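A closer look at the structure
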Amino acid sequence: MPPLKALETSDMYTVGWIAALPLERAAAMAMLDEKHEKPLDFMQPYNDVNSGEIWHNTRCCYCVTYALLLSSDQIGFLVGIGAGITRPDHGRDIRLGDIAVSQPYGNSGGVIQYNLFKAKPGNVWESRAFLNSPPEVLLRALGNLQAQHKLESPRVREYLEEMITRYPRLAKQGYVHQGFENDQLFKTTDPSEEVRRERRDSTEPEIHYGIIASGNTLFKDAAHRENILEEIGEEYICFEMEAAGLMNNFPCIIIRGICDYADSHKSDRWQRYAAVTAAAYAKELLCFIPSQDLQKTQKAINILQDTGLQNTVEAMLDKGAGVNTKGGRYGNALQAASENGDIEIVQLLRMAAAS
C-alpha cells in the first residue's frame, strides 16, 4: 500500500465534515476519494482526544476533514442519520433511506432545538430555540444544487453504486437498500396497524428540504413524538441529536439519512444505508461550493473563539461581575471591548449597564 499523502499546511482544508458515529464515519470514508495524513503543520490540542482522519474529494478539488476540526475549516457539514417526520397524507412522504437537509425558513436557520420552548398563556408555545443560519456560501450552493436537480437526476444513486464497487464488503454489512418490505410506517393510534402507502418504483432516495428538530431525546414512542410536534409545529422533517450543540458555534448544513420514524418500531436495520445516502448527498453538495466564495467566509475556529468569549462574558455578568470595574490598561471592561472592536461584547456590556 503506497504511503498516504500529507499536505504541507492545513490551510488547504476548508470544509469540515462532522460524523459522530462509527457507522457515519465509515460512510464518509467510503464516499470520499483519498485518505490523507494530517498536514505537516498540524498540532493536536492537548485537550482534544478526537481521533479524526482527513479525506480528500478529488473530483471537486476540495479537501475535507471529518470528525476533526482544523483551524482552516471555514464551513461544515454535519452528516449522519436521523428519524423522519413523515406526513404522507399531507404531501410529505418521507421513507427510510431518504435524505433530510436543513434549510432556513421564516425565522429559523434550518434547525431548532425543540426542548427550548416555553409555555405562554392560552396554551401558546414560544420558541427560544432558533439556531444560527448557515453562511451564505452554503446557502447559495444549496440553492444551486436544488436547481440542478430540477434539470437532472441527483448523483446520489451513482455515488452509492461506485461505493459498492470500491468496497463490496459494505453490501454484506448493510450499507445498501434494505428492501421495501422492511420499510413500514405504523399508525400513532394503533402501533400494530400499518399505514398504507403507494409503493415506490425505485430505490433511489428522495431528498427533502426543511427544518430539522434537534434535541437530546432518543424517540421510541410515536405518541411522545406527536406530543412534541403538537407543541412545536408540524413543519419539521426530521429529528436528530447533535445539531443543537453545534449550529451556533460551527456554521454548517445538517444532512440526515432517515433510518426510522421515531416510534416503537425503531431498529438499527436501516442505519448504515441511511448514513451512506446522507454521505452521497454531502459529496454532491461539495461540488457546488465555489472556492472563491470560501475565501470570503470566516473560519470556523474564529467563530468558536468569538462565541467562547461571548459565553464567558455572559457567565461573568450572570455571576454579578461589574461592567465598570476599574483595572487593566483599558480602564474598564466596556472600554476594552470597544478598543478591540468586539461589537457583540460591547452590546452585552451596554445592556448590562443599563439594567
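Parameters at a glance
Residues numbered from 1 in each chain as written. Predicted model: local features only at pLDDT ≥ 70, side-chain atom pairs only at ≥ 80, totals over all residues. Heavy atoms only, no water. Helix = DSSP H or I, 4+ residues; strand = E, 2+ residues; numbered from the N terminus. Buried < 20%, exposed > 50% of the residue type's maximum accessible area, 1.4 Å probe, protein only. Areas by Shrake-Rupley, 256 points an atom, 1.4 Å probe, with all protein chains shown as cover. Phe/Tyr/Trp six-rings, centres within 6.5 Å; stacked < 30°, edge-to-face > 60°. Contact = heavy atoms within 4.5 Å. Salt bridge = Lys/Arg side-chain N within 4 Å of Asp/Glu carboxyl O. Axes fitted to C-alpha atoms, helices over the stretch in contact; angles between N-to-C directions. Parallel < 35°, antiparallel > 145°, perpendicular 65-115°, else oblique. Left-handed = near helix turned anticlockwise from the far one by under 90°. Nonpolar A, V, L, I, M, F, W, Y, C, P; charged D, E, K, R; others polar.

Broken down by element type, the protein chain carries 10 helices and 12 strands. For the protein chain, the residues scored as buried account for 46% of the 355 residues in total. Accessible area for the protein chain stands at about 18200 Å²; split by element, carbon and sulfur atoms hold 49% of it.

In this section: the packing of aromatic side chains. Counted according to the given criterion, the structure contains six aromatic pairs. Joined through ring pairs, the aromatic side chains of Y114, F219 and F239 make up one cluster.

So, on to the environment of A30. Take A30: it is sitting in helix α1 (residues 22-31). Owing to a relative accessible area of 6%, A30 belongs among the buried residues under this scheme. Sequence separation of A30 and E162 is 132 residues, and the distance between their C-alpha atoms is 9.4 Å. Setting aside residues no more than four positions away along its own chain, A30 makes contact with M163, R166, Y167 and L170.

In this structure the tally under the stated criterion is 13 salt bridges. In this structure, the salt-bridge partner of D98 is R200, at a minimum N-O distance of 2.8 Å. Highlighted residues: D98 in the loop between β5 (75-84) and β6 (99-102) and R200 in the loop between α4 (169-172) and β10 (207-214), separated in sequence by 102 residues. Summarising the burial analysis for this pair, D98 and R200 share the class buried. Its salt-bridge partner being R157, residue E161 comes within 3.7 Å of it at the nearest N-O pair. Linking E161 with R157, this pair stays in helix α3 (residues 156-166), spanning four residues, or about one helical turn. Classification of R157 as partly exposed rests on a relative accessible area of 38%. If you follow the salt bridges from partner to partner, you end up with E24, E240, E242 and R256 in one network.

In the contact formed by α1 and helix α6 (residues 271-286), the axes pass within 8 Å of each other and the chain directions differ by 45°. As summarised for this structure, α1 and α6 are arranged oblique, according to the angle between their axes. Considering the relative orientation of α1 and α6, their crossing is right-handed. Between α1, through L23, E24, A27, A28 and M31, and α6, the contact on the second element is made entirely by Q271, R272, A275, V276, A279, A280 and K283. In the contact of α1 with α6, the residues fall into eight nonpolar, one polar and three charged.

With that settled, consider the packing of α3 against α6. The contact between α3 and α6 brings their axes to 9 Å, and the two run at 115°. As α3 packs across α6, the resulting crossing turns out to be right-handed. Counting all contacts with α3, which are made through V156, Y159, L160, E162 and M163, the residues of α6 involved are Y273, V276, T277, A280, Y281, K283 and E284. A per-class count over the contact of α3 with α6 returns eight nonpolar, one polar and three charged.

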